[in-house]
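# Close look at the chain arrangement
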Amino acid sequence: MSDIQTQVQQRIDQLVESGTERGVQVAVLRHGELLVDAVAGIADPATGRAVTPETVFYNFSIGKAATSTVVHVLVERGTFAYDTPVAELWPEFAAHGKENVTVRQVLTHSAGVPGLPLDTTAEDICDWDRICAKVADAELWWEPGTAVGYHAYTFGYILGEVVRRATGKPISQVLRDEVTGPLGVADELYFGMPTSQHGRLARLEDQAGAADMMTGMPEDLPMLKAGPLSLFPTAELGNRTDILAADIPAGGKTSARAMARMYAALLGDIPGVALISPERLREVTAPAASGVDQVFGNESSWGLGYALGLPGAEEATRSAFSMGGAGGSYAYGDTATGIAFAMTKNRLTMDFSAATDLIRVVNEGLEKG
């Protein structure tokens, strides 16, 4: 393929050989041309099954980008608008003063509904009607639109129910019909993955010491009030059959090349697949909300459904729109360079150091090329 392919392959081989990572995929397209399709390591240590380009990983929140993409496709068609109140399509959501929350505010994590009840179980989040009833009954953390705070699970359920109410179809079906099917990746990018296909999944594992990071934290941290610890992303949660089969559109089960192809399509670089117009791309990647995250405390900047910028980078990368996933997976598109990048992996680390390193390898390779 390219020197960049060789450089990325060498780097992920090093990550696996050093024991830093278990299994990794990296896919990069530029202006729709596949520059990198690299894999390394093991998908399932129990059997020794190797990672292939077709291996599907549960990558947690990088799937939010797929949810956002479905929303943009429907807005493009006039099915609903960004400023449509959620309760206009889903009347029950108006409870406790949420009647004015808009689709736009959910996309920008400014809706004020970031939390799930602390008694929510893994079984609850796999039951669409049950979890949506809980979300509809949620109380506001702040006046909608006045602050930002990461809507870890509620982002997916609110937008997913908006899609279902507006189209009459589950968001997983709309994803397949309107996005992944036309892109030829319907069997590599899912919300709920059919149980019959679970043998293709990589098995997740926690980084050594990751569990200890959660102990000793102050009990009054907002993140600990946004949902029970049992629902924080871990290998145990992400390997559960019911979690993998359920539509949880706050996350996604995907290969790197499927996610990169979706970003390339958003950039307008996949012939024959026009998900959104160039004008809408400019709108959804423009700064829409920013500030100190009311749940996690970090500075954040959002377009419509995508984070703006790249990990470990400064203002120069504001042309990038992205979503990272708990455990270190990462995917983005860059309107300035035409790059669509995705990295998936099965060892859940506490930072994005591997993604940052691989993004640097790709960008430096392009500059030299």
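Described below are features of the structure shown in this document. (Residues numbered from 1 in each chain as written. Predicted model: local features only at pLDDT ≥ 70, side-chain atom pairs only at ≥ 80, totals over all residues. Heavy atoms only, no water.)

A word on the nonpolar core. Most often, soluble globular proteins keep nonpolar side chains buried together rather than apart. Counting 87 residues, the largest nonpolar core has Ile-125, Tyr-157, Leu-183, Met-262, Tyr-263 and Leu-275 as its most contacted members. For this core, the element with the highest residue contribution is helix α11 (residues 256-266), accounting for nine residues. Tyr-263 has contacts with Ala-65, Tyr-306, Phe-321, Ser-322, Met-323, Ala-331, Tyr-332, Gly-333 and Ala-340, leaving out every residue within four places of it along the chain. The next biggest cluster of nonpolar side chains, apart from the first, holds 25 residues, and it includes Leu-15, Ala-320, Tyr-330 and Phe-341. (Core = buried A, V, L, I, M, F, W, Y, C linked by side-chain atoms within 4.5 Å. Buried < 20%, exposed > 50% of the residue type's maximum accessible area, 1.4 Å probe, protein only. Helix = DSSP H or I, 4+ residues; strand = E, 2+ residues; numbered from the N terminus. Contact = heavy atoms within 4.5 Å.)

Moving on, we come to the side chain of Lys-98. Looking at the element boundaries, Lys-98 is found in the loop between α3 (86-89) and α4 (103-107). Look at Lys-98: it is buried, it has no salt bridge, and the nearest opposite charge is Asp-137 at 6.3 Å. Polar side-chain contacts of Lys-98 include one of 2.7 Å to the backbone oxygen of Ala-138. Setting aside residues no more than four positions away along its own chain, Lys-98 makes contact with Phe-93, Val-113, Val-135, Ala-136, Asp-137, Ala-138 and Leu-140. (Lys, Arg positive; Asp, Glu negative; His and termini not counted. Salt bridge = Lys/Arg side-chain N within 4 Å of Asp/Glu carboxyl O. Polar contact = N/O pair within 3.5 Å; in protein donor to acceptor, adjacent residues only side chain to side chain.)

Looking now at the pairing of strand β13 (residues 339-345). Counting buried residues along β13, seven of its seven residues qualify, which places the element largely inside the surrounding structure. Neither face of β13 is left uncovered, since the one carrying Ile-339, Phe-341, Met-343 and Lys-345 and the one carrying Ala-340, Ala-342 and Thr-344 both have all their residues buried. Across seven bridges, strand β1 (residues 23-30) lies against β13 in antiparallel orientation. Bridge pairing in β13 links Val-24 to Lys-345. Across four bridges, strand β12 (residues 330-334) lies against β13 in antiparallel orientation. Of the residues in β13, the one forming a bridge with Tyr-332 is Phe-341. (Pairing = 2+ DSSP bridges.)

Another aspect to go through is the pattern of salt bridges. Under the definition given, this model contains 25 salt bridges. Note that Arg-164 is salt-bridged to Glu-161, the shortest N-O span being 2.8 Å. Placement of both Arg-164 and Glu-161 in helix α7 (residues 154-167) is noted, with a separation of three residues, approximately one turn of the helix. Assessed through its relative accessible area of 30%, Arg-164 is described here as partly exposed. Of the charged contacts, one joins Asp-242 and Arg-240 as a salt bridge, the two residues approaching to 2.7 Å between their closest N and O atoms. Take Arg-240: its relative accessible area is 27%, and that puts it in the partly exposed class. Here the salt bridges do not stand alone but share partners, grouping Asp-119, Asp-124, Asp-127, Arg-130 and Lys-134 into one network.

Moving on to the sheet that holds strand β4 (residues 57-58). With antiparallel pairing, the three strands of this open sheet are ordered in space as β4-β7-β5. Looking at the sheet topology across the chains shown, the edges are occupied by β4 and β5 (189-190). The pairing of β5 with strand β7 (residues 253-254) spans two bridges and is antiparallel. The residue of β7 that forms the bridge with Tyr-190 is Lys-253.

The residue Phe-60 is not glycine, and still its phi comes out positive at about 50°. Mapped onto the fold, Phe-60 is located in the loop between β4 and α2 (64-77). Residue classification places Phe-60 among the buried residues on the basis of a relative accessible area of 6%. One non-glycine residue, His-96, adopts positive backbone phi at about 60°.

Attention now moves to the packing of α2 against α11. Packing of α2 against α11 leaves a shortest axis separation of 11 Å and a crossing angle of 35°. The chirality of how α2 crosses α11 is left-handed. Mapping the contact onto sequence places Ala-65, Ala-66 and Thr-69 in α2 and Met-262, Tyr-263 and Leu-266 in α11. (Axes fitted to C-alpha atoms, helices over the stretch in contact; angles between N-to-C directions. Left-handed = near helix turned anticlockwise from the far one by under 90°.)

This part is about the packing of α2 against α7. The N-to-C vectors of α2 and α7 enclose an angle of 30°; their axes lie 10 Å apart at closest approach. Comparing the axis directions of α2 and α7 gives the class roughly parallel. Here the hand of the crossing between α2 and α7 comes out left-handed. Here Lys-64, Thr-67, Ser-68, Val-70, Val-71 and Leu-74 of α2 come into contact with α7, specifically with Phe-155, Leu-159, Val-163 and Thr-167. Its residues placed into classes, the contact of α2 with α7 shows six nonpolar, three polar and one charged. (Parallel < 35°, antiparallel > 145°, perpendicular 65-115°, else oblique. Nonpolar A, V, L, I, M, F, W, Y, C, P; charged D, E, K, R; others polar.)

Now for the pairing of strand β9 (residues 299-302). Sheet analysis places strand β8 (residues 289-292) next to β9, joined by four bridges and oriented antiparallel. Bridging across to β9, Val-292 finds its partner in Glu-299. Between the end of β8 and the start of β9, which pair antiparallel, lie six residues, with Gly-297 showing a positive phi angle near 85°.

Attention now moves to the environment of Ile-276. Positionally, Ile-276 belongs in the loop between α11 and α12 (278-284). Between the alpha carbons of Ile-276 and His-72 there is a distance of 7.0 Å; along the sequence they are 204 residues apart. Beyond its immediate stretch of four places on either side in the chain, Ile-276 contacts His-72, Val-73, Glu-76, Leu-266, Leu-281 and Val-284.

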